[in-house]
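An overview of the molecular structure
The lines below spell out each chain.
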Amino acid sequence: MVNTRSSGRPYNVVIYGASGFTGRLITEYFSKHYGSASSEPLRWAVAARSESKLQATKKELGVTDVPHIVADSADLPSLRAMVEQTEVIITVVGPYLQYGERLVEACANAGTHYLDLTGESFFIKQMIERHHDAAVKSGARIIHSCGMESIPADMGTYMVARELKRAHDTRTDSVTLYLGKQRGGAVSGGTVASLVGVAELVWKGGRKARAELNDPYFLVPEGIKRPSKGYSRCAECTGFGYDSYLHGWVAPAPIAPHDSKIVQRSNALLGEEYGPTSTFRFHAATPFPGIVLGFFKAAVVTLLYAFAKAAVWLPPTRWLLQRFVLPKSGDGPLPEVRSKGFFYVNLIGRGANGAAVEATIGSEHGDGGYTETAKMISECAVTLVRNAQQLSSAGGIHTPASALGAPLLKRLRAKGMVLEVGAPGSGKRLE
């Protein structure tokens, strides 16, 4: 069903959480690219729960002419009043497990499209179970994970699968994502809060929650055939080991558990366009080329990764990290660090007939976690507004690839991101 309730609303986009660290970056992006003085202005507003913080943020960013809305994530009536004024909501108010559900509920019932940056798989699962049907009925596209988690993995896999079909007339058997060169990717307080929230939930949930966290098919709709038991494990996401494509070694990638779930849901929602869920595989890894040196680097990173997971997992060490080490809410990388940042990932797709293609996704225009994440989620919103007639997706709980597809790729390329796909060896900056 197409959203018919958004026409005539005063705003195209509202940025909720605009006074926070990431919300400010998104506000700056909209001001530069879609403000009244830009070449393609939109009707947009900012929102948060504090009037005084909103006013201070607007003044500091030089956007005092931008309208603002006061809404509290704990107050459903205020959220309803906000979402009924706009076609699209961008929310960066997290942790989403703690603060996100009421806004999803309001958007699903009002026919308002919704975008977030969550890497919290349990939150997405709850939203599917509780609000998918309402979103289908209203036409609201609820799209999770619209930043570094999980645009590069999700849209990269989408590109690779389409190229395998176009150039080699084959379905996709597997896609492997390799984290490439990057700079400026410090962790913000908001990201830390989300990670801690997931760790607490899994600790309390025991074996069942741990299995769900490690299951790449956790978000695949019911009724779709999954692999036989034994494949739904974190090993699907690739751990330490030798990689024949690299002629080197790989270590785990922190993004793998969540990104694998998003990619598998995309494939399912796209009618298993990549290949049957029972056979299609997505992997993610941190690469270290070189037979000898690569082995030692990968081994050290694997050990450090295991140590970090354990430290966040165990309540005593988690408390110590929160109190003395990890950044607090509102903290994040400095502007000079973000502006000098960049990131790249490579994806290798292999077809059922043995064909292979390679894709590169990245940017030289800022760090992936914040500067380019602000760009990604902003362009997702603009795609929903400006490219609505080109989108074939209906309402419901979506992924970026299943809802936005090719129009989003076109917009991101136009804004300076690298999104290339071609023959093996055509990818860049893997090391």
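Fair warning: this is a prediction, and the values are worked out from it, not measured in the lab. (Residues numbered from 1 in each chain as written. Predicted model: local features only at pLDDT ≥ 70, side-chain atom pairs only at ≥ 80, totals over all residues. Heavy atoms only, no water.)

1. Looking at the sheet that holds strand β5 (residues 113-115)
- Strand order in the open sheet made by the 7 strands is β3-β2-β1-β4-β5-β6-β13, with parallel pairing throughout. Two strands bound the open sheet, and with one partner strand each, they are β3 (68-70) and β13 (396-398). In this sheet, adjacent strand axes meet at a mean angle of 20° when their direction is disregarded.
- Pairing between strand β6 (residues 141-143) and β13: 3 bridges, direction parallel. Its bridge partner being in β13, arginine 141 is matched across the sheet by glycine 396.
- Here helix α3 (residues 76-83) sits on the sheet and contacts β1 (11-16), β2 (44-48), β3 and β4 (86-91); the angle it forms with β4, its principal contact strand, is near 125°.
- Where helix α6 (residues 121-138) meets the sheet, its contacts fall on β5, β6 and β13, and the angle it forms with β13 comes to roughly 140°. (Pairing = 2+ DSSP bridges. Helix = DSSP H or I, 4+ residues; strand = E, 2+ residues; numbered from the N terminus. Axes fitted to C-alpha atoms, helices over the stretch in contact; angles between N-to-C directions. Contact = heavy atoms within 4.5 Å.)

2. Considerations on the packing of aromatic side chains
- Going through the model one piece at a time under the given rule, you end up with 13 aromatic pairs.
- Taking the centre distance of 6.1 Å and the plane angle of 20° together, the rings of tyrosine 178 and tyrosine 245 count as stacked. Taken together, the residues span a long stretch of sequence, with tyrosine 178 in strand β7 (residues 172-183) and tyrosine 245 in the loop between β8 (241-243) and β9 (248-252) at a distance of 67 residues.
- Exposure remark for tyrosine 178: the relative accessible area of 1% places this residue in the buried category.
- Measuring from centroid to centroid gives 5.7 Å for phenylalanine 240 and phenylalanine 295, while their planes differ by 65°, and the two rings are edge-to-face. Pair noted here: phenylalanine 240 is in the loop between α8 (189-213) and β8 and phenylalanine 295 is in helix α10 (residues 293-313), with a separation of 55 residues, a long-range link.
- Directly above the aromatic system of phenylalanine 218 lies the positively charged group of lysine 125, at a separation of 5.2 Å from the ring centroid. (Phe/Tyr/Trp six-rings, centres within 6.5 Å; stacked < 30°, edge-to-face > 60°. Buried < 20%, exposed > 50% of the residue type's maximum accessible area, 1.4 Å probe, protein only. Lys NZ or Arg CZ within 6 Å of the ring centre and 35° of its normal.)

3. Quick notes on helix α9 (residues 256-269)
- With 14 residues, α9 ought to run about 20 Å at 1.5 Å a step, and its terminal C-alpha atoms sit 20 Å apart, in line with that.
- With 13 of its 14 residues buried, α9 lies for the most part within the structure.
- At the C-terminal side of α9, glycine 271 shows a positive phi close to 75°. (Expected span 1.5 Å × (residues − 1).)

4. Examining a nonpolar patch on the surface
- A surface patch of nonpolar side chains, about 600 Å² in accessible area, is lined by Phe240, Tyr242, Ile291, Val292, Phe295 and Phe296.
- Of the residues examined, phenylalanine 240 reaches a relative accessible area of 37% and is grouped as partly exposed. (Patch = residues over 30% accessible without salt bridge, like charges linked within 9 Å, V, L, I, M, F, W, Y side chains within 5 Å. Areas by Shrake-Rupley, 256 points an atom, 1.4 Å probe, with all protein chains shown as cover. Salt bridge = Lys/Arg side-chain N within 4 Å of Asp/Glu carboxyl O.)

5. Regarding the pairing of β1
- Counting buried positions along β1 gives 6 out of 6 residues, so the element sits mostly inside the fold.
- Here β1 pairs with β4 via 5 bridges, running parallel. Its bridge partner lying in β4, valine 13 is registered against valine 88.
- Relative to β2, β1 runs parallel, the two being bridged by 4 bridges. What sits directly across from valine 14, in β2, is alanine 45.
- As a crossover connection, the stretch from β1 through helix α1 (residues 21-34) into β2 is right-handed. (Right-handed = clockwise from strand over helix to strand, strands pointing away.)

6. Here we look at the domain arrangement of the protein chain
- By domain assignment, the protein chain separates into domain 1 (11-146 + 372-412) and domain 2 (151-367).
- Here the C-alpha centroids of domain 1 and domain 2 sit 24 Å apart.
- Across the boundary between the two partners, domain 1 contributes 30 residues, which contact 37 residues of domain 2.
- Interface of domain 1 and domain 2: buried area, both sides summed, is about 2,700 Å²; carbon and sulfur atoms make up 73% of it.
- Considering only the surface of domain 1 that becomes buried against domain 2, Phe21, Phe122 and Glu372 emerge as the three largest contributors, covering 26% of it.
- For the interface between domain 1 and domain 2, the tally reads 0 salt bridges.
- Linking domain 1 to domain 2 there are 10 residue pairs in polar contact (both at pLDDT 80 or more).
- Sorting the residues of the side of domain 1 that touches domain 2 by element identifies α1, α6, α13 (371-386), β13 and α14 (400-414) as the ones contributing at least two each.
- Take the side of domain 1 that touches domain 2: its biggest share by element is 8 residues, from α14.
- Taken together, the residues of the side of domain 1 that touches domain 2 sort by class into 17 nonpolar, 9 polar and 4 charged. (Domains from an automatic or database assignment. Buried area = accessible area lost by both parts, 1.4 Å probe. Polar contact = N/O pair within 3.5 Å; in protein donor to acceptor, adjacent residues only side chain to side chain. Nonpolar A, V, L, I, M, F, W, Y, C, P; charged D, E, K, R; others polar.)

7. Concerning the packing of helix α7 (residues 151-168) against α14
- For the pair α7 and α14, interaxial distance at closest approach is 10 Å and the crossing angle is 90°. Considering their axes alone, α7 and α14 lie roughly perpendicular with respect to each other. Together, Ile151, Asp154, Met155, Tyr158, Met159 and Arg162 of α7 and Pro400, Ala401, Gly405, Ala406, Leu408, Leu409, Leu412 and Arg413 of α14 make up the contact between the two elements.
- When the residues that make up the contact of α7 with α14 are grouped by side-chain class, the tally is 10 nonpolar, 1 polar and 3 charged. (Parallel < 35°, antiparallel > 145°, perpendicular 65-115°, else oblique.)

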